[in-house]
Structures are given as structure tokens and as C-alpha cells.
Amino acid sequence: MRHPVFLAVSVAGALALSACEQKTADETVERAFQDVNVVDENGLNDVMLTVADPNEAVTYFQRTASQSPDRIEIQRGLASSLVRAKRYNEAVPAYARVVDLEGATNEDRVDYADTLLRAGDWARAEQELDKVPPTFETFKRYRLEALIADSNEEWKKADSFYEIATGLTTRPSGVLNNWGYSKLTRGDYADAERLFTDAVRQDPKLFTAKNNLVLARGAQRNYALPVIPMDQKERAQLLHTMGLTAVKQGDVQTGKSLLRDAIETHPQHFEAAVRSLSALENNG
């Protein structure tokens, strides 16, 4: 008479055990899918921050941030994407949120200062950089420090920061060009020429540095083009710059000659040089 009871208890126990095992299995599968989703999301975040269209990335991070406002990596992604999209006025409050979140880093504050500079708020950018400890030494930090020192006409500090920044990157052409332009605005033309030459040597495709180099040479009344890599169109553009520089220095005939060379050199019709030369000739 006890066998049916024992059988019922056994069946109930087996069912309970089966249900428990099923629950454990379901939880394991759910955790596995969560792990996969985290990996997939991280990969998608990386794509959005690098190769995706900047405005599409902004939309993605805005949607994700609205669902998880306290996740700093999402807020950071949104701020970074806004900068990539050149939407600096929107990026400023986005970075302000990032630096106020738990887990914010010195790098976040430097990025915030960089965004403030891009938005034209130099005073606040300087204030944010002042909050970064001096032990945090990165190329970006010192490049920003140099630009701010420049704007304040603190030349010794600017030179020191430019020099440090140059030593902290394997691609110093941009900072060398900025440093050279700083020297150019101060009237230190020889040093400017040296720095622009270094910038072109580091990046032979950096036309801005080539053009600035011509300005520095022209300011010294050296109207020969520098021996640097240039194609025919670049040569014409540099001759145009040199011609205008010569006119500004009062060497009008030399300027006219350089403008004629620019027009002849350019592979297409060089409208800007034609207008410049015409204006000079019409004014006697």
C-alpha cells in the first residue's frame, strides 16, 4: 500500500528536479546571450566611433544614452561622435555630462577642453585644463596648453608646451605647423621657416605648412620657392602666395612676375592669380 505514495513522491521529486534543471539551463542561456550582446554592443560602439558616418553615430549614441543615461561609455561615445560630426556646440554639454559621471578620467577632461576650444570658448577650456593634474602628460594635453598659452601671448610657456608636445607624438607635423605659425605671428620669421620646413619633412602632403613656409620666406624677402615636394598645382598656388607676399612687402614688380609664373604654371585656369595680377596692373 505504500508503493503508490512512494511513486507519487518520486514522480513529484523528479518533476521538481526537472523544473529546477530547466530553470538553471534557461538562466545559463540568458547569461550567455547577455554576454554576447555586451560583446556585440562594444564592437558596434567601436565601429560607430571610427568608421561610421558621424551623424549616424550621433543618432545611435543618442538613442542608447536615452536608455542608459548613467553609462559613461555611451555618454562618452555620444560626445565624441558630436565632435566627429563637427557639432561642437552640442558636444560641449555632452562632454560636461561625461566629466560629471562616476568613472570620468583626466583624458575625458582634456577632451572636454579640446571641444571647448573648437567651440570658441577659450576661457572655459583653460579652466578645464587647469583641473587636470600636471602628472597627466599626453600629446593632446600639451598641444592644447600650447594653443592657450599662444592666445594669451605667453610665448615662453607656448614654446615649452609645443616642444613637449612634439616629443610626445610620432606624427608631429601638425603641432610643428602650429608652432611655426605662432613664431610667424610674433615676427620671428627665421624660426618660423625652420619649423615649417620640419613640418613638411614630417608630412610632405601637408600643404598648409608648405604655404606657411612660403609666407615665412617672403616675409624675409626671400622670394625663391623652397626645395620641397610639390606637384604642378601646388607650385602654382605657392607662387601665388609668394607673389602676394612680395606685393605686401612693397616689392610690386617682383610680385607681378611671381603671379605671372603662377598663372603659367597652373595646369588649369588660375582665376585667383589672374584677378590678383589684373588688380595690380589696373592700379598702375
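Above this text you will find the structure in question.
Being a predicted model, the structure only gives us computed values, none of them experimental.

**A short note on helix 3 (residues 72-84)**
Right, on to step 1. Along its 13 residues, helix 3 runs 18 Å from first to last C-alpha, staying within 8% of the 18 Å computed at 1.5 Å per residue.
Right, on to step 2. If you check which residues of helix 3 are buried, you get I72, I74, Q75, G77, L78, A79, S81, L82 and V83.
Right, on to step 3. In the segment just after helix 3, K86 is the residue with positive phi, at about 60°.

**Here we look at the side chain of Q75**
Right, on to step 1. Checked against the element boundaries, Q75 lands in helix 3.
Right, on to step 2. Judged by its relative accessible area of 6%, Q75 is buried.
Right, on to step 3. Side-chain polar atoms of Q75 contact the backbone oxygen of P69, separated by 3.1 Å.

**Comments concerning the environment of A158**
Right, on to step 1. With respect to the secondary-structure elements, A158 resides in helix 8 (residues 155-167).
Right, on to step 2. With 10 residues separating them in the primary sequence, A158 and I148 have C-alpha atoms 7.8 Å apart.
Right, on to step 3. Ignoring sequence-local partners within four residues, the contact set of A158 consists of A146, A149, D150 and R186.

**Side note on helix 6 (residues 122-130)**
Structural remark: α-helix, 3.6 residues per turn; residues separated by three or four positions point the same way.
Right, on to step 1. Taken as a whole, helix 6 has its buried residues at A125, E128 and L129. Projected down its long axis, helix 6 carries its buried residues within an arc of 100°, all on one side.
Right, on to step 2. Turning to helix 6, the residues buried within the fold contact helix 5 (106-118) and helix 7 (139-151).

**Concerning the packing of helix 8 against helix 9 (residues 173-186)**
Right, on to step 1. Viewed as axis vectors pointing N to C, helix 8 and helix 9 meet at an angle of 160°, and their least axial separation amounts to 9 Å. The pairing of helix 8 with helix 9 is recorded here as roughly antiparallel in orientation. Like other packed secondary-structure pairs, helix 8 and helix 9 cross with a definite hand, here left-handed. Residue-level contacts link W155, A158, D159, Y162, E163, A165 and T166 of helix 8 to V175, L176, N178, W179, S182, K183 and R186 of helix 9.
Right, on to step 2. Of the residues contributing to the contact of helix 8 with helix 9, the split by class is seven nonpolar, three polar and four charged.

**A few points about the packing of aromatic side chains**
Right, on to step 1. Under the definition given, this model contains three aromatic pairs.
Right, on to step 2. Seen in terms of ring centroids, Y60 and F61 are 4.9 Å apart; in terms of plane orientation they differ by 70°. Their pairing is edge-to-face. Here Y60 matches F61 in class, with each residue buried.
Right, on to step 3. With a centroid separation of 5.9 Å and 35° between ring planes, the pair formed by Y142 and F161 is classed as tilted. You can see Y142 sitting in helix 7 and its partner F161 sitting in helix 8, a full 19 residues away along the chain. Note on accessibility: Y142 and F161 belong to one class, buried.
Right, on to step 4. In this structure, R141 is placed above the aromatic ring of Y142, and the distance from its NZ or CZ to the ring centre is 5.9 Å.

**What to know about the pattern of salt bridges**
Right, on to step 1. The tally for this structure, following the rule as stated, stands at 23 salt bridges.
Right, on to step 2. Residues participating in the shared-partner salt-bridge network are D159, K183, R186, D188, D191 and R194.

**Some words on the side chain of D114**
Right, on to step 1. In this structure, D114 sits in helix 5.
Right, on to step 2. Here R118 takes part through its side chain, which lies 3.0 Å from a polar atom of the side chain of D114.
Right, on to step 3. Residues within four places of D114 in sequence aside, it is in contact with K140, R143 and L144.

Calculation rules
Residues numbered from 1 in each chain as written. Predicted model: local features only at pLDDT ≥ 70, side-chain atom pairs only at ≥ 80, totals over all residues. Heavy atoms only, no water. Helix = DSSP H or I, 4+ residues; strand = E, 2+ residues; numbered from the N terminus. Expected span 1.5 Å × (residues − 1). Buried < 20%, exposed > 50% of the residue type's maximum accessible area, 1.4 Å probe, protein only. Polar contact = N/O pair within 3.5 Å; in protein donor to acceptor, adjacent residues only side chain to side chain. Contact = heavy atoms within 4.5 Å. Arc of directions from axis to C-beta. Axes fitted to C-alpha atoms, helices over the stretch in contact; angles between N-to-C directions. Parallel < 35°, antiparallel > 145°, perpendicular 65-115°, else oblique. Left-handed = near helix turned anticlockwise from the far one by under 90°. Nonpolar A, V, L, I, M, F, W, Y, C, P; charged D, E, K, R; others polar. Phe/Tyr/Trp six-rings, centres within 6.5 Å; stacked < 30°, edge-to-face > 60°. Lys NZ or Arg CZ within 6 Å of the ring centre and 35° of its normal. Salt bridge = Lys/Arg side-chain N within 4 Å of Asp/Glu carboxyl O.

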